[in-house]
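What follows is the residue order along each chain.
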Amino acid sequence: MLLFFTLGLLIHFVFFASIFDIYFTSPLVHGMTPQFTPLPPPARRLVLFVADGLRADTLYELDENGTSRAPFIRNIIMHEGSWGVSHTRVPTESRPGHVALIAGFYEDVSAVAKGWKENPVEFDSLFNESKYTWSWGSPDILPMFAKGASGDHVYTYSYDAKREDFGAQDATKLDTWVFDNVKDFFHHARNNQSLFSKISEEKIVFFLHLLGIDTNGHAHRPSSRDYKDNIKKVDDGVKEIVSMFNHFYGNDGKTTFIFTSDHGMTDWGSHGAGHPSETLTPLVTWGAGINYPQRVSAQQFDDSFLKEWRLENWKRLDVNQGILPVDYLNNTDLFKAESMFTNAVQILEQFKVKMTQKKEVTLPFLFTPFKLLSDSKQFNILRKARSYIKHRKFDEVVSLCKELIHLALKGLSYYHTYDRFFLGINVVIGFVGWISYASLLIIKSHSNLIKGVSKEVKKPSHLLPCSFVAIGILVAFFLLIQACPWTYYVYGLLPVPIWYAVLREFQVIQDLVTSLLTYPLSHFVGYLLVFTLGIEVLVLSFFYRHMLTAGLTAFAVWPFLTRLWTRAKVTSLSWAFFSVLLAVFPLMPVVGRKPDISLVMGAGLLVLLLSLCVVTSLMKRKDSFRKEELLVHLLQVLSTVLSMYVVYSTQSSLLRKQGLPLMNQIISWATLASSLVVPLLSSLAVFQRLFSILLSLMSTYLLLSTGYEAVFPLVLSCLMFVWINIEQETLQQSGVCCKQKLTSIQFSYNTDITQFRQLYLDDIRRAFFLVFFLVTAFFGTGNIASINSFDLASVYCFLTVFSPFMMGALMMWKILIPFVLVMCAFEAVQLTTQLSSKSLFLIVLVISDIMALHFFFLVKDYGSWLDIGTSISHYVIVMSMTIFLVFLNGLAQLLTTKKLRLCGKPKSHFM
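- As annotated in an unreviewed UniProt entry, the protein carries the name GPI ethanolamine phosphate transferase 1 and comes from Piliocolobus tephrosceles.
- Its UniProt record gives the protein the following Sequence similarities (unreviewed entry) comment, quoted word for word: "Belongs to the PIGG/PIGN/PIGO family. PIGN subfamily."
- UniProt's Subcellular location (unreviewed entry) comment on the protein is quoted here verbatim: "Endoplasmic reticulum membrane".

Examining the sheet that holds strand 5 (residues 204–210)
Piece 1. Taken in spatial order, the 7 strands line up as 2-7-6-1-5-3-4 in an open sheet, and their pairing is mixed. At either end of the open sheet lies a strand with only one pairing partner, and these are strand 2 (82–87) and strand 4 (154–158). Strand-to-strand twist of the sheet, defined as the mean angle between neighbouring strand axes without regard to direction, takes the value 15°.
Piece 2. Looking at chain direction, strand 3 (residues 132–137) and strand 5 are connected through 5 bridges and run parallel. Residue pairing across strands places W134 opposite F206, the latter belonging to strand 5.
Piece 3. Across the sheet, helix 3 (residues 71–79) is in contact with strand 2, strand 6 (255–260) and strand 7 (280–287); its angle to strand 7 comes to roughly 65°.

So, the pairing of strand 5
Piece 1. By the criterion of burial, strand 5 is predominantly enclosed, with 7 of the 7 residues buried.
Piece 2. Along strand 5, one buried face is formed by I204, F206, L208 and L210 and the opposite face, lined by V205, F207 and H209, is buried too.
Piece 3. One ladder, built from 7 bridges, connects strand 1 (residues 45–51) with strand 5; its direction is parallel. In the sheet register, V50 faces strand 5, and the bridge partner there is H209.

Here's the deal with the environment of K336
Piece 1. Relative to the elements of secondary structure, K336 occurs in helix 13 (residues 333–360).
Piece 2. Once the C-alpha coordinates of K336 and V397 are considered, the two residues, 61 residues apart in sequence, prove to be 9.2 Å apart.
Piece 3. Once residues within four sequence positions are removed from consideration, K336 is found in contact with N291, V326, L329 and N331.
Piece 4. Reaching out from K336, the side chain makes a polar contact with the backbone oxygen of L329 at a distance of 3.3 Å.

Details of the packing of aromatic side chains
Piece 1. In the structure shown here, the tally under the stated rule is 63 aromatic pairs.
Piece 2. Ring plane angle 25° and centroid distance 6.3 Å describe the contact between Y415 and Y418, whose orientation is recorded as stacked.
Piece 3. Over the face of the ring belonging to F301 we find R316, whose NZ or CZ atom lies 4.0 Å from the ring centre.
Piece 4. Positioned above the aromatic ring of F341, the side-chain terminus of R386 is 4.5 Å from the ring centre.

Parameters at a glance
Residues numbered from 1 in each chain as written. Predicted model: local features only at pLDDT ≥ 70, side-chain atom pairs only at ≥ 80, totals over all residues. Heavy atoms only, no water. UniProt positions renumbered as here; feature names shortened; annotations may be inferred. Pairing = 2+ DSSP bridges. Helix = DSSP H or I, 4+ residues; strand = E, 2+ residues; numbered from the N terminus. Axes fitted to C-alpha atoms, helices over the stretch in contact; angles between N-to-C directions. Contact = heavy atoms within 4.5 Å. Buried < 20%, exposed > 50% of the residue type's maximum accessible area, 1.4 Å probe, protein only. Polar contact = N/O pair within 3.5 Å; in protein donor to acceptor, adjacent residues only side chain to side chain. Phe/Tyr/Trp six-rings, centres within 6.5 Å; stacked < 30°, edge-to-face > 60°. Lys NZ or Arg CZ within 6 Å of the ring centre and 35° of its normal.

Encoded structure:
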């Protein structure tokens, strides 16, 4: 069985990784011939301002007094330059956003997980092509472009990373630092001949990365005065820098200025997904080679922003990366035509290289070229474009080049996804095979379904293994002659041993069919429909959180539809009450939208009240409650009180902009570290151990909470306690075993393996309950399938200085705490119902894999970026949940069965 779980874990890792190989590989193409416009550029230098985290609407809209927050930028829009909305793409994070701006391509989605400081793939950039580039700003952004540059011509100036503190100081100082250092740089250049000669060259870039707005948005929300005031300070800083440049270069008219943002931000101060507030960013540009404002009487857009911003009379020019926005250029028609032609040839060159690469590694009779852009059509379009340029038909050139770019981009996408169908089919075959094998293993080893079926033991045939060996060799040879990457071998060969294992159990399949034929058809169809409905509810809950409410409401009614109500009225009523109470949470707004520390304090008081009641109750049982255990509970109560103090104290300190107090930080980390140790000191009695685990984990959860979600684990745990009791009642009702008091059952009870019973049909319901509770634990307080659901304010009791991986780890632990509570309760359910954890875990695995297969088919790379990002997240979450179940099962066993003593030898038992 250990071998089975190890292989299962490896197989799920392969299925997990497959989504990125099939849908999201790097789009970069290498080996093209460089293409240049034959005409001289209008500018000698570029000044690029990137206001990190700036939303388009917050910059362009007027404030409550009818005045602009950025008067200098608005004056540019009306009198000097061109403007529009830049449409960014998922993931709306700083690294891929800057890569799109400076390198000119959309980085693959997986790159966001590879860090801000490293380059996951080699790429060229504007900085690399410049003569010199000077950049100022965040140490998280600047180094990645300096590292990727060839030669030593990209210079970076960054402040200390500790300045990126969400609570200790006014974040506008980050932007002030940039502006001041740029001024000092040019002042120094006047007295340094070597530097002066460098900045007087052509093809030079000045990059100013302004992080203050993003930091204030995370700390105080985009609707805050801090965020909006930061925009005003940036506007003032940009005005001073522009004036300085014009003065330094003697108003030579050879400087181009661009002001934009890498991504926006949600109303609740996060980003990463595809909400319009995250993907719509401002773009304002002026100076050399840029068009002056264009007055218009009417404009057609799918939004109503122009009227809201009172800019309906100034032409808005929206852009996407990849295609030259010629409407922004102020130059001769010849220059625009030549520039557009060069842009088209550059993209066509990428198409040719991509087609050649795919053709070289595909068998001739299997290769299907992109028919919309054949060699003859390429030649005709290029010849016609050159002819139009020669005859000065420049509008026709631009139109023709746009058509060529459109076709070339479609062709690039075609060849980029050429192997998608082949890989997808292999993964699906592997998935179905694995689900089939796990189901057969359950039926064969853990159920009585085929026990009564008479069968003859047949001598194994050598035909089956030989056939699968031959299939494996053919698949490997097919991949070898096409020079496929090693991952293709994994996806192509993995289904072979899986289906061999399935067909080896052919006798079990026969016996299963025979057994099912004796079963009433109406019963079989009814159970199948209920199971299918349950799976679909789980799948739909990923899209619509209120489906969890519907499911929990159905759970509340369940005891009253059975004989449980007549046997255990109090337990049934408790089950219904806590099911309905838990059902309220999916109907509430997603966590982080409106923080409310008073709710966190309220949750802490409820924990203290519950602790008082439980400890008082346990103390009355003098035979089962020792002073050592009382000390442990008092320690946990003290930890809860300290957590409440730290949350309140930290919130007050941050509001005064005094940062995170050191003592609060020490208490928070100490609470986190002790939360997995202190429960091991408590009694091994089921009720006392589970309650001890709840108290310890609640102390940490309070520190990570910002609002109503602090109550969620408490309500969930109450339902889990009732679940343990009600499962005992159902088993007693069916006559399988007698009911025992939870206070008399010990997690350390040395259960004889012979006492484990076989699976019954009702055990599928128990496994379904577990999966449903796990999904509820995941989505109960927010749709975390979207990256923007994470609220950085959750970790401010632990740290406020920007550290993406540490903050991510803390938020992940917050997500896992309800998981751990559910898994610990499930350990008790298995113990009290005398059920092998392996058998029930197999059913859970099958249910999870069926859900994963659903989401594999639902993954998309088209449509809105919100839909694309969500579809990826759903598949990743389900696959992660399946993999994490193994880890959580081990952690739950550790927390429930391990016993530490304050003195003497430790004693432990693992089931």
